Amino acid sequence: PPSRPPAPRARPPDAMAAEEAAAAEGQDIFYVCKKSLDKLQEKLKQSEEITSELVNELTFPENLPDEETMVPVDMRGVGQDFDDVEQMVESLGPKGTAEAFIKAKEYFDANKDKEPEEERPKPMTAAEWRQVLEEEEDMAEGEEEDDILEDEEEDLLEDEEEAGEED
């Protein structure tokens, strides 16, 4: 299958502060398609086969209709860390990944941090989630550009220092 960018996490625009806050709160929020999650839960109950297509439907909003409902899950419920969904599928297989997301949903619903309802992540549409992902991607690209600029500035400074030493 064509490789996809890693599945991003839901984080507000001020990524650094938000990540620190999220780390403090310990939440690891990810959004999945509610309909797909329900379908996977049903298939697991019936002991039907879980395909990686179903898992992709759950986690990749690109192919979903705009109005599709995405629900938050807390990846701490999975019990181990993964960089992205592909890594989960490689490690756990499609069925294990489906079970992991269901655990993550149950963990979110259990609200072990006793977070006030109004502060909890809310469901959103696939269109809204895609927007969040695009903003995150733009920010990540912006950070990379900053790194390149810094490297170029450092090179210039070094060149100037070397030129100054030759006198």
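Since the model is a prediction, treat every value here as computed from it, not as a measurement.

### A closer look at the overall build of the chain
When its secondary structure is counted, the chain shows five helices and three strands. Counting helices and strands in the order they occur from the N terminus, the chain gives α-β-α-α-β-α-β-α. With 167 residues in all, the chain has 35% of them scored as buried. Considering only contacts in the chain between residues 6 or more positions apart, those separated by 24 or more positions represent 77%. Summing over all exposed atoms, the chain offers an accessible surface of approximately 10600 Å²; the carbon and sulfur share of this is 48%.

### Looking at the pairing of strand S2 (residues 69-74)
The two faces of the sheet receive side chains in turn, since in a regular strand these alternate between them. In terms of burial, S2 is largely enclosed, as five of its six residues are buried. Examined bridge by bridge, strand S1 (residues 29-33) and S2 share five bridges and lie antiparallel to one another. In the sheet register, isoleucine 29 faces S2, and the bridge partner there is aspartate 74. The pairing of S2 with strand S3 (residues 124-125) spans two bridges and is antiparallel. Within S3, the position partnered with threonine 69 by the bridge is threonine 125.

### Focus on the sheet that holds S3
Here we have three strands laid out as an open sheet, ordered S1-S2-S3, and antiparallel in their pairing. One side of each edge strand has no neighbouring strand; the edge strands of this open sheet are S1 and S3. In the packing of helix H2 (residues 34-45) onto the sheet, the strands contacted are S1 and S2, and the crossing angle to S1 comes to about 80°. Along the sheet, helix H4 (residues 85-110) makes contact with S1 and S2, crossing S2 at roughly 90°.

### Overview of the nonpolar core
Judged by nonpolar contacts, the single largest core of 21 residues is most densely connected at Val32, Met75 and Phe101. Of all the secondary structure elements, the ones that give two or more residues to this core are S1, H2, helix H3 (52-59), S2 and H4. Grouped together as the second largest cluster of nonpolar side chains are eleven residues, Met124, Trp129, Val132 and Leu133 included.

### Overview of H2
One full turn of an α-helix is made of 3.6 residues, so residues set three or four places apart face in the same direction. For H2, spanning twelve residues, the distance from its first C-alpha to its last is 17 Å, which sits close to the expected 16 Å at 1.5 Å a residue. Taken together, the buried residues of H2 touch S1, H3, S2 and H4. Where H2 terminates, the next one or two residues include serine 47, which has phi positive at roughly 55°.

### A few points about the pattern of salt bridges
Evaluated as defined, the whole model comprises ten salt bridges. Aspartate 109 serves as the salt-bridge partner of lysine 105, at 2.9 Å between the closest nitrogen and oxygen. Remark: aspartate 109 and lysine 105 occur in helix H4; sequence separation between them is four residues, near one turn of the helix. Here arginine 120 and glutamate 115 are joined by a salt bridge, their closest N and O atoms 3.7 Å apart. Owing to a relative accessible area of 13%, glutamate 115 belongs among the buried residues under this scheme.

### Looking at the confidence of the model for the chain
Residues at a pLDDT of 70 or more form 82% of the chain, whose mean pLDDT is 81. In this model, residues 10-24 is a region of pLDDT below 50 whose contacts with residues beyond four sequence positions or in other chains number 14 contacts.

The rules we used
Residues numbered from 1 in each chain as written. Predicted model: local features only at pLDDT ≥ 70, side-chain atom pairs only at ≥ 80, totals over all residues. Heavy atoms only, no water. Helix = DSSP H or I, 4+ residues; strand = E, 2+ residues; numbered from the N terminus. Buried < 20%, exposed > 50% of the residue type's maximum accessible area, 1.4 Å probe, protein only. Contact = heavy atoms within 4.5 Å. Areas by Shrake-Rupley, 256 points an atom, 1.4 Å probe, with all protein chains shown as cover. Pairing = 2+ DSSP bridges. Axes fitted to C-alpha atoms, helices over the stretch in contact; angles between N-to-C directions. Core = buried A, V, L, I, M, F, W, Y, C linked by side-chain atoms within 4.5 Å. Expected span 1.5 Å × (residues − 1). Salt bridge = Lys/Arg side-chain N within 4 Å of Asp/Glu carboxyl O. pLDDT = per-residue confidence, 0-100.

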